[in-house]
Amino acid sequence: MVIQTVSGKIDRQFDRSPFRDTLIEVWDRDFGLDDLVGSGRTNDNGEFNISYDTDYAGDTPDLTLKIIRLDYQSQPHVIFEEDGPRNVEGDYDFGTISIADWGYDPDYAVPLIRSGGAGIFASPQNFVASQTRKILLKAVPWGLRRREAGEKPSVEAAQTVFPENLTIKKGDVSRKDKFFVDATLNGFAPALMTQDSNGQFHVRYNLDQYRWDESHQSPSVHLTMVKNAEGNLIPQKIEWKLRKIASFPPEFSDDGSAEPGEGAAWEKAKLYFRIAEFIDGQVKGHLGRGHLNVGQYAVALYRNIQKSPILKLLHPHLKGVSAINTFGKDIIFGDQGVLALSPLNSASLIDVMRDDLGQCNWKNWSPRNEVNSTGQHSYAKIQNLYWNILNEYVDKFFTLYEEKIKLDWKEIYYFSQDLVSHSVPFVPPHIVDGEQYVDNNEISVDAPAHQTAISPITEVLTHPKDQDIQNLKQACAYAIYHATIWHDWRNDNQANYGGEIDYARLAIDYSVEDAAFQLFIVNILVDVKHGYLTKNEENDIPIEFISILQRESQNFEDLGYDLRDLRSRINI
C-alpha cells in the first residue's frame, strides 16, 4: 500500500473567485472502465488535498480530476474534467484549474455573467430544450413579418403586417383621457408618483443627464394629475421639453405644455408622454428592475449555493434569466438591439440601468400602495395580493427547511457577499423640492452601510440570528417577486401598448425599419409562451405555492388578472 496525494485549487477564470465546498473526485484512466481512487472537497479558498491508495489503481495511475456540483434536486453533475499526466509516481499538484463558470463580466458596469460567445447557447445555464424550441419556432414567422414590414412604403403600412394589439382594438377609446390615466397607473410601465402639499400627483420621465445618439429624439415630460370629486385621478397638465439630437450637455429645441380640452395640443402632449413612458418602462422597469435585477440574484445563487434548500426555493424562478440576459446583450441593449431605436446609445443604456439598479434593494421593500380607494389603481391591489401570498409561501418553506438552511449557512453568507460586492453603487432617490413619493415601499431612501445598492443579508458564517433568517426570507421573496409578476407584467404588456407605433414607441421619428423592428420584438417576446407558474411544465415548483395561488384565483379574477398567464420566471 502506497498513499499518495493529489492537490490543487479550483477557481473561476475571469474573477479568480474560489469554488468552495466543491466535490473533487480523483480517477485513474484505463482503457476499460476508469477507477475512482479518491475524493474530497475544496476549502473556502478553493484548495483541495486528497489522499489515495495506489493499490486501488492497480498500477501507476493516469490521473483525471472530476469537479462536481449539486443541482437543486441534490443530484451531482460533473461540471469540468481535467486530465493529469500518465503513470504518476508520487504526489501530484494540479496547480490552479480555472473554469469559465458563472464569472462576472468585467466589461459591464452592471452585474452580468461572462459568456462564452453570443447567441442563444452562450450562457453557462441555457434554456430548457422545450423553451429553446419555442423561441426558434416563433422567431421564423415573426422574422418574416419583420422583413415584410420593413419593405413597406410607410410606417402605417408596416403596422398592418402585424396583428391588432389592445390599443388598436380599443379604437378611439385608447386615446381618451380615462384610458390614458388607466395606462399610466396600470399599463405597461405603472408609474411611481410623487405628491405635493396641494394634493397634486406628479409623474416625470427625463433622460437629460445621459448622452444621446446621433439620430433619435424623445421628449422629457412632466404629468400632473389631481383627484376629482369621486376620488379618481384625472390629468391636469403635461409639460414637455425636446432636446436637440445628440446635444450634450443638453440643448433644447422646443418646450411646451397642454391641458385636457386643448385639442391637438393635448393629443400631442399625451403622445410625447407615452413615448417617454415607453422608453422608461423598457429600460428601467422591464430590463433594469426585471432582467438585470433578478439576474444578479441568479448569478450569486449558482456561484455559491448547492446544498442549502434555498436552491430548491429559488431555482424554479431564477433559472433561465442568465440565458436570456446573455442573449439580450445583442438583441435588446447592444448596438444593434431594439433599444438602439431610442435616443440612448449602448453605453448610456447601461448607465441608465446601472443608476436605476442603484435603487434596487431587497431590504424593507414591498409593493406600492393604492393611490386611492376607488378601485382605479388595480395594479397596486394585484401586486399586494400576490406579495402577501408569496410571503405566506416563503414562510411555510422556511418552517419546513429552516434547520437545514441554518446548517448550510456558510453558503448563504457567500451568496450575500457576492450580491453586495458586485452590486452597483447606491443612488439616492431624486425628488423635486416640495414633493414626496406617495409611499416609499419601492424606494431605497437610506444608503446601505456598504454604500452599494444591495444590503447584506447576513454577516456571519455560521449560527445565524433570527434577523438573519428574516433577512433571507425577505430577499428570497423579493427575488421571486421580480422574477415572476414584476417582469411578467411588463413583458406581456409590451404588445398591448407598444404593438401600435402611433401609440407608443422609443423615439419621436421612426423609419419603416425601426417600426418593423419594434413590432417584431414586442410581439415575439409575448408570443413565446412557456414556463407558466400554475402549469408547472417542468415539475420543479412546489405544489404548496401553486395551491396558495389557486386558493386566491377568484380574488385575482375580480381584479381583472388571470393567474394562468403568470410566468414562473424570466425566460424571454
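Just so it is clear, the structure is predicted and the values come from calculations on it, not from any experiment.

## Focus: the overall build of the protein
Secondary structure assignment for the protein yields 16 helices and 13 strands. The C-alpha atoms of the protein give 26 Å as radius of gyration, which agrees with the globular expectation for 572 residues (25 Å, within 12%). Considering only intrachain contacts with a sequence separation of at least 6, the fraction spanning at least 24 residues in the protein is 72%. Put simply, the protein shows about 23,800 Å² of open surface, and 48% of that area lies on carbon and sulfur atoms.

## Quick notes on empty space enclosed by the protein
Counted by the stated rule, this structure contains seven cavities of 30 Å³ or more. The calculated volume of the second largest cavity comes to roughly 80 Å³. Forming the walls of the second largest cavity are 13 residues, and the residues nearest its centre are Q282, V338, L339, Q494 and I521. Among the elements of the structure, helix 6 (264-304) and helix 14 (512-527) are those that each provide at least two residues to the lining of the second largest cavity. Looking at side-chain class alone, the lining of the second largest cavity contains nine nonpolar, four polar and no charged residues.

## Here we look at the sheet that holds strand 3 (residues 35-41)
Strand order in the open sheet formed by four strands is 3-2-5-6, with antiparallel pairing between adjacent strands. Edge strands, defined here as strands with exactly one partner in the open sheet, are strand 3 and strand 6 (76-83). Strand after strand, the sheet turns through a mean of 25° between neighbouring axes, direction not considered. Relative to strand 6, strand 5 (residues 63-70) runs antiparallel, the two sharing seven bridges. Residue pairing in the sheet places L65 in a bridge with E82 of strand 6.

## Section: helix 15 (residues 543-551)
If you check which residues of helix 15 are buried, you get F545, I546, I548 and L549. Here the buried residues of helix 15 occupy an arc of 160° about the axis, which is enough to place them on one side. Contact partners of the buried residues in helix 15: helix 7 (310-318), helix 10 (378-407) and helix 16 (553-558).

## Comments concerning the environment of N345
Within the secondary structure, N345 sits in the loop between helix 8 (321-331) and helix 9 (346-357). Residue classification places N345 among the partly exposed positions, given a relative accessible area of 24%. Put simply, N345 and E557 are 212 residues apart on the chain and 41 Å apart in space, counted from C-alpha to C-alpha. Each residue touching N345, except ones within four places of it in the same chain, is listed here: R211, W212 and D213. Reaching out from N345, the side chain makes a polar contact with the backbone nitrogen of S348 at a distance of 2.7 Å.

## Some remarks on helix 7
Across the nine residues that make up helix 7, a large majority, eight, are buried. Residues I310, L311, L313, L314, H315, P316, H317 and L318 constitute the buried set of helix 7. Residue G320 follows helix 7 closely and has a positive phi angle near 95°.

## As for the pairing of strand 1 (residues 3-12)
In terms of residue burial, strand 1 counts as a mostly covered element, since seven of its ten residues are buried. Bridge analysis of strand 1 against strand 4 (residues 47-53) gives seven bridges, and the strand direction is antiparallel. Looking across to strand 4, one finds that Q4 is bridged to Y52. Pairing of strand 1 with strand 7 (residues 92-99) involves six bridges; the strand directions are parallel. Across the sheet, the residue bridging to K9 is T96, located in strand 7.

## Brief notes about the layout of surface pockets
What the largest pocket holds in volume is close to 1,200 Å³. Lining the largest pocket are 44 residues, and of these R204, D280, K284, H430 and Y437 lie nearest its centre. Among the elements of the structure, strand 9 (201-205), strand 10 (219-227), strand 11 (233-243), helix 6, helix 9, strand 13 (435-437) and helix 12 (466-492) are those that each provide at least two residues to the lining of the largest pocket. By residue number, the principal contributor to the lining of the largest pocket is helix 6, which donates six residues.

## So, the pattern of salt bridges
Scanning all chains against the criterion turns up 33 salt bridges. Among the salt bridges present, the one from R368 reaches E442, with a minimum N-O distance of 2.9 Å. One end of the pair, R368, is in the loop between helix 9 and helix 10; the other, E442, is in the loop between strand 13 and helix 12, with 74 residues separating them in the sequence. Because the salt bridges share partners, they merge into one network encompassing K319, E538, D540 and R569.

## A few points about the nonpolar core
Counting 144 residues, the largest nonpolar core has I310, L318, Y386 and L390 as its most contacted members. The dominant element in this core, judged by the number of residues it contributes, is helix 6, at 19 residues. Ignoring any residue separated from it by four or fewer positions in sequence, one finds L318 in contact with Q125, V294, Y297, A298, L301, Y302, A479 and A483. Core analysis: the second largest hydrophobic core is formed by 16 residues, V6, V37, L65 and I67 among them.

The rules we used
- Residues numbered from 1 in each chain as written.
- Predicted model: local features only at pLDDT ≥ 70, side-chain atom pairs only at ≥ 80, totals over all residues.
- Heavy atoms only, no water.
- Helix = DSSP H or I, 4+ residues; strand = E, 2+ residues; numbered from the N terminus.
- Rg over C-alpha atoms; globule rule 2.2 N^0.38 Å.
- Contact = heavy atoms within 4.5 Å.
- Areas by Shrake-Rupley, 256 points an atom, 1.4 Å probe, with all protein chains shown as cover.
- 1 Å grid on protein atoms, 1.4 Å probe; cavity = no way out; pocket = protein on both sides within 12 Å on 5 of 7 lines; lining within 4 Å.
- Points joined across faces, edges and corners; volume = space filled by probe spheres on them.
- Nonpolar A, V, L, I, M, F, W, Y, C, P; charged D, E, K, R; others polar.
- Pairing = 2+ DSSP bridges.
- Axes fitted to C-alpha atoms, helices over the stretch in contact; angles between N-to-C directions.
- Buried < 20%, exposed > 50% of the residue type's maximum accessible area, 1.4 Å probe, protein only.
- Arc of directions from axis to C-beta.
- Polar contact = N/O pair within 3.5 Å; in protein donor to acceptor, adjacent residues only side chain to side chain.
- Salt bridge = Lys/Arg side-chain N within 4 Å of Asp/Glu carboxyl O.
- Core = buried A, V, L, I, M, F, W, Y, C linked by side-chain atoms within 4.5 Å.

These figures come from the coordinates and say nothing about function on their own.
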